[in-house]
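# Structural characterization, general
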Amino acid sequence: MQTALVWDPALLGYNLGEHPLDPVRVELTIALARELGVLDRDGVELVVPAPAPEEALLRVHSAEYLTAVQTAPHDPFWSGFGLNTPDNPTFDHMHEASSLVCGGSIAAVEAVWSGRTQRAANIAGGLHHAMRSSASGFCVYNDVAVAIARLLDMGAERLAYVDLDVHHGDGVQAAFYDDPRVMTISLHETPLALFPGTGFSEEIGTSGAEGTAVNVPLPPGAGDAEWLRAFHAVVPSLLRAYQPQLLLTQCGCDTHAVDPLADLRLSVDGQRASYLALEKLAEELTGGRWVCFGGGGYGVVSVVPRAWTHLLATLTGQPLT
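Remember, predicted model here, so these are calculated numbers, not experimental data. Along every chain, residues carry numbers that run from 1 in the direction the sequence is written. Owing to the predicted nature of the model, reporting of local features is limited to residues with pLDDT of at least 70; listing and counting of side-chain atom pairs is limited to 80 or more, with chain, interface and lining totals taken over all residues. Calculated side-chain values reflect all of the structure's heavy atoms, with hydrogen atoms and water omitted.

Moving on: the overall build of the protein chain. Each helix and strand counted, the protein chain has 9 helices and 8 strands in total. Over its C-alpha trace the protein chain gives a radius of gyration of 18 Å, about what one expects of a compact globule, namely 20 Å for 321 residues. Whether a residue is buried, partly exposed or exposed follows from its accessible area with a 1.4 Å probe, protein chains only, as a fraction of its type maximum: under 20%, in between, or over 50%, in that order. Counting across all 321 residues of the protein chain, residues that qualify as buried make up 60%. For this analysis, residues touch if any pair of their heavy atoms sits within 4.5 Å. Counting contacts in the protein chain only where the partners sit at least 6 residues apart, residues at least 24 apart contribute 77% of the total. Accessible surface for the protein chain amounts to roughly 11,900 Å². Of this, 53% is attributable to carbon and sulfur atoms. Under the DSSP-based scheme used, a helix requires at least four consecutive residues in state H or I and a strand at least two consecutive residues in state E, with every element numbered from the N terminus. As defined in this context, the radius of gyration uses C-alpha atoms, and a globule is described by 2.2 Å times the residue total to the power 0.38. Computed by Shrake-Rupley with a 1.4 Å probe, the accessible areas treat only the displayed protein chains as cover when residues are assessed.

Counted residue by residue, helix H5 (residues 143-153) has 9 buried out of 11 residues, so it is predominantly covered. Positioned one or two residues after H5, Gly155 has a phi angle of 110°, which is positive.

Bringing the sheet that holds strand E3 (residues 119-122) into the picture now. Pairing in this open sheet of 8 strands is parallel, and the strands run E2-E1-E3-E8-E7-E4-E5-E6 from one edge to the other. Taken across any chain shown, the strands that pair with only one partner, and hence form the sheet edges, are strand E2 (44-47) and strand E6 (213-218). Neighbour-to-neighbour, the strand axes of the sheet open up by a mean angle of 15°, direction not taken into account. As defined by bridge partners, strand E1 (residues 3-6) adjoins E2 across 4 bridges and the pair is classed as parallel. Along E2, the bridge assignment pairs Leu5 with Leu46. Lines are fitted to the C-alpha atoms to define the axes, a helix being fitted only along its stretch in contact, and any angle between axes, read from their N-to-C directions, falls within 0 to 180 degrees. Helix-sheet contacts for H5 involve E3, strand E4 (159-163), strand E5 (182-189), strand E7 (246-250) and strand E8 (290-293), and the interaxial angle to E4 is about 170°. Where helix H7 (residues 224-242) meets the sheet, it contacts E4, E5, E6 and E7, and its direction lies at approximately 175° from that of E5. Only strands joined by at least two bridges in the DSSP assignment are considered to pair.

Before going further, it helps to examine empty space enclosed by the protein. To find leftover empty space, one rolls a probe the size of a water molecule over the atoms. Buriedness of a pocket was judged along seven lines, with at least five required to meet protein on both sides within 12 Å; pockets are open sets of points on a 1 Å grid over the protein atoms alone, cavities are sets where a 1.4 Å probe fits but cannot get out, and lining residues have an atom within 4 Å of a point. Grid points are joined across faces, edges and corners, and a volume is the space filled by probe spheres set on the points. Taken as a whole and assessed by the stated rule, the structure comprises 4 cavities of 30 Å³ or more. Approximately 100 Å³ is the volume attributed to the largest cavity. Lining the largest cavity are Leu11, Leu12, Tyr14, Leu21, Asp22, Pro23, Arg25, Val26, Val101, Ala124 and Leu127. A breakdown of the residues in the lining of the largest cavity according to their chemical character gives 9 nonpolar, no polar and 2 charged. The volume enclosed by the second largest cavity comes to roughly 50 Å³. Elements supplying a minimum of two residues to the lining of the second largest cavity: E1 and E3. Per-class residue counts for the lining of the second largest cavity are 9 nonpolar, 1 polar and no charged. Residue polarity follows a fixed list, in which Ala, Val, Leu, Ile, Met, Phe, Trp, Tyr, Cys and Pro are nonpolar, Asp, Glu, Lys and Arg are charged, and the others, Gly among them, are polar.

Next up on the list: the nonpolar core. Core analysis: the largest hydrophobic core is formed by 113 residues, its most contacted members being Leu83, Ile148, Trp227, Leu239, Leu248, Val291 and Trp308. Sort the elements by how many residues they give to this core and helix H4 (residues 94-113) lands first, with 12 residues. If we ignore the near neighbours within four places in the chain, the residues touching Leu83 are Tyr65, Ala68, Val69, Ala72, Trp78, Asn88, Thr90, Met94 and Ala135. Only buried residues count toward a nonpolar core, which is a set of Ala, Val, Leu, Ile, Met, Phe, Trp, Tyr and Cys residues joined through side-chain atoms within 4.5 Å.

This paragraph deals with the packing of H4 against H5. Relative to each other, H4 and H5 sit at 35°, their axes nearing to 8 Å. The handedness of the crossing between H4 and H5 comes out as right-handed. Contacts between H4 and H5 pair Val101, Cys102, Ser105, Ile106, Val109, Glu110 and Trp113 from the former with Asp143, Val146, Ala147, Arg150 and Leu151 from the latter. Split into classes, the residues belonging to the contact of H4 with H5 amount to 8 nonpolar, 1 polar and 3 charged. For a crossing to be left-handed, the near helix must be turned anticlockwise from the far one by less than a right angle; the clockwise case is right-handed.

Moving on to the packing of aromatic side chains. Between rings of Phe, Tyr and Trp, where Trp is taken as its six-membered ring, a pair exists when centres lie within 6.5 Å; planes separated by under 30 degrees are stacked, by over 60 edge-to-face, and by other angles tilted. One pass over the full model with this rule turns up 6 aromatic pairs. Ring centres 6.0 Å apart and planes at 80° place the aromatic pair Tyr65 and Tyr141 in the edge-to-face group. One end of the pair, Tyr65, is in helix H3 (residues 63-71); the other, Tyr141, is in the loop between E3 and H5, and 76 residues separate them in sequence. Overall, Tyr65 belongs to the buried group, its relative accessible area being 0%. Residue classification places Tyr141 among the buried positions, given a relative accessible area of 0%. Each residue in the set Tyr65, Trp78, Phe81 and Tyr141 is aromatic and connected to the rest through ring pairs, giving one cluster.

Looking along the chain, the bond that leaves Phe195 and enters Pro196 is cis, with omega of 5°. Residue position: Pro196 is located in the loop between E5 and E6. Positive phi values are uncommon outside glycine, yet Asn84 reaches one of about 60°. Given the relative accessible area of 31%, Asn84 is considered partly exposed.

Attention now moves to the packing of helix H8 (residues 268-285) against helix H9 (residues 304-315). At a minimum axis distance of 9 Å, the contact between H8 and H9 shows a crossing angle of 20°. Here H8 is positioned roughly parallel relative to H9, judged by the angle of their axes. You can see that H8 and H9 cross each other, and the crossing is right-handed. Contacts between H8 and H9 pair Val268, Gln271, Arg272, Tyr275, Leu276 and Glu279 from the former with Arg306, Ala307, Trp308, His310, Leu311 and Thr314 from the latter. Taken together, the residues of the contact of H8 with H9 break down into 6 nonpolar, 3 polar and 3 charged. Here roughly perpendicular refers to angles of 65 to 115 degrees, roughly parallel to angles under 35, roughly antiparallel to angles over 145, and oblique to all remaining angles.

Everything listed is a geometric property; what it means functionally is a separate question.
Next up, the structure:
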């Protein structure tokens, strides 16, 4: 099993300050995975990312928005483009830090698409809410959409993206809502109860891409049994029908029962079960080609490092028990 794991301490520079999205959760994940030997397994390649070039960012974001991201940190009174808000405060070197996260996700998909590795991960990525011309939901640049656009530019024709975050993967859905080359599937807490207020089941795609956006909203309080039942009822059959060339997954672990920002009730074991199911689907449908991103998760010490270490262990071919 050949796996590219994107990591550099510089990725911790995506730091919104006193904020729920604390980069220490990524640092603790890497520390735990290293302590358990996951990073030292045969076939694991640690990849140091480079910042995404501007042309890659412009595949997803507008030129005006890129200018705003570069300008806003220097103006304490900045308003507009979703920046300098409680969810998306500005910070020093915001453009550079956000570009590096995107570069990490590009490196992950390039490693798999080129055939250098079967699998890859950028757990510092998964910033799935950022829109074409606005920051949203703690996300400045949408590294997932940037990475998918890179795959399309390299010739991909059928990509499947499964979003496990408790929040709807709205930014990725919006980026490819009219593109039949990308199927987006999002399981999330109902938009009637949780940000971003989208992700209803009737959101299915448009302009020739009808049916390639799939949303599975779940009620507050849903736990392992309910969530996994929904997952198995929807995801495998859709992926088998679509026959993707590569599987991409955003593995936000804010579905956990103790997460302070949402109201689902999954356990780490339930989250691990979803990773194992996705691994089997990747083996069945894409020859094992699978790229993972991090995402949400605000149980910074008790949940995120455990869940994502399980993810990295599964990705590298030997799940932890």
